[in-house]
Amino acid sequence: MPDPTADLHVPGDGERWRCAGCGNLTRFDVTRTRRTTDYWHVDLAGEPRVEEQTVLSESVESVSCRWCGRSDAIEVVDRADADPPADPAVG
């Protein structure tokens with residue numbers, strides 16, 4: 001049986017996640033690992049703030065649908081393919 005997470009990645013411009021089980025396009029629980037280089041600015045009171053971040057690597061470990069809970073039906077689709085057709089009555 002193929003691994004459902006084998007092709008999971010953070011959607012790029014023009015892409016989005018979609019749950020093939022229920023059609024959800026907006027709510028997902030995502031577990032990912034990131035390796036970053038951060039530029040920290042610590043103010044005189046000692047409060048740190050990340051002012052710049054460079055992502056060196058990132059992997060998506062799991063994505064599950066917040067609506068139906070499925071993790072085996074998540075797919076990356078083109079944004080245009082996932083958006084519902086515009087309603088001509090609205091405008």
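(A) Seen up close, the overall build of the chain. Helices and strands together make up the secondary structure of the chain, namely 1 helix and 4 strands. Beginning at the N terminus, the succession of helices and strands in the chain can be written as β-β-β-β-α. Put simply, the chain has 91 residues, and 16% of those count as buried. Summed over its atoms, the accessible surface of the chain is roughly 6900 Å², and 48% of this surface lies on carbon and sulfur atoms.

(B) Quick look at the side chain of S64. Mapping S64 onto the fold places it in strand β3 (residues 48–65). In this structure S64 touches R27, F28, D29, G69, R70, S71 and I74, once residues within four positions along its chain are discounted.

Here is what the cut-offs are and how they apply
- Residues numbered from 1 in each chain as written.
- Predicted model: local features only at pLDDT ≥ 70, side-chain atom pairs only at ≥ 80, totals over all residues.
- Heavy atoms only, no water.
- Helix = DSSP H or I, 4+ residues; strand = E, 2+ residues; numbered from the N terminus.
- Buried < 20%, exposed > 50% of the residue type's maximum accessible area, 1.4 Å probe, protein only.
- Areas by Shrake-Rupley, 256 points an atom, 1.4 Å probe, with all protein chains shown as cover.
- Contact = heavy atoms within 4.5 Å.

What is shown is where atoms sit, not what they do.
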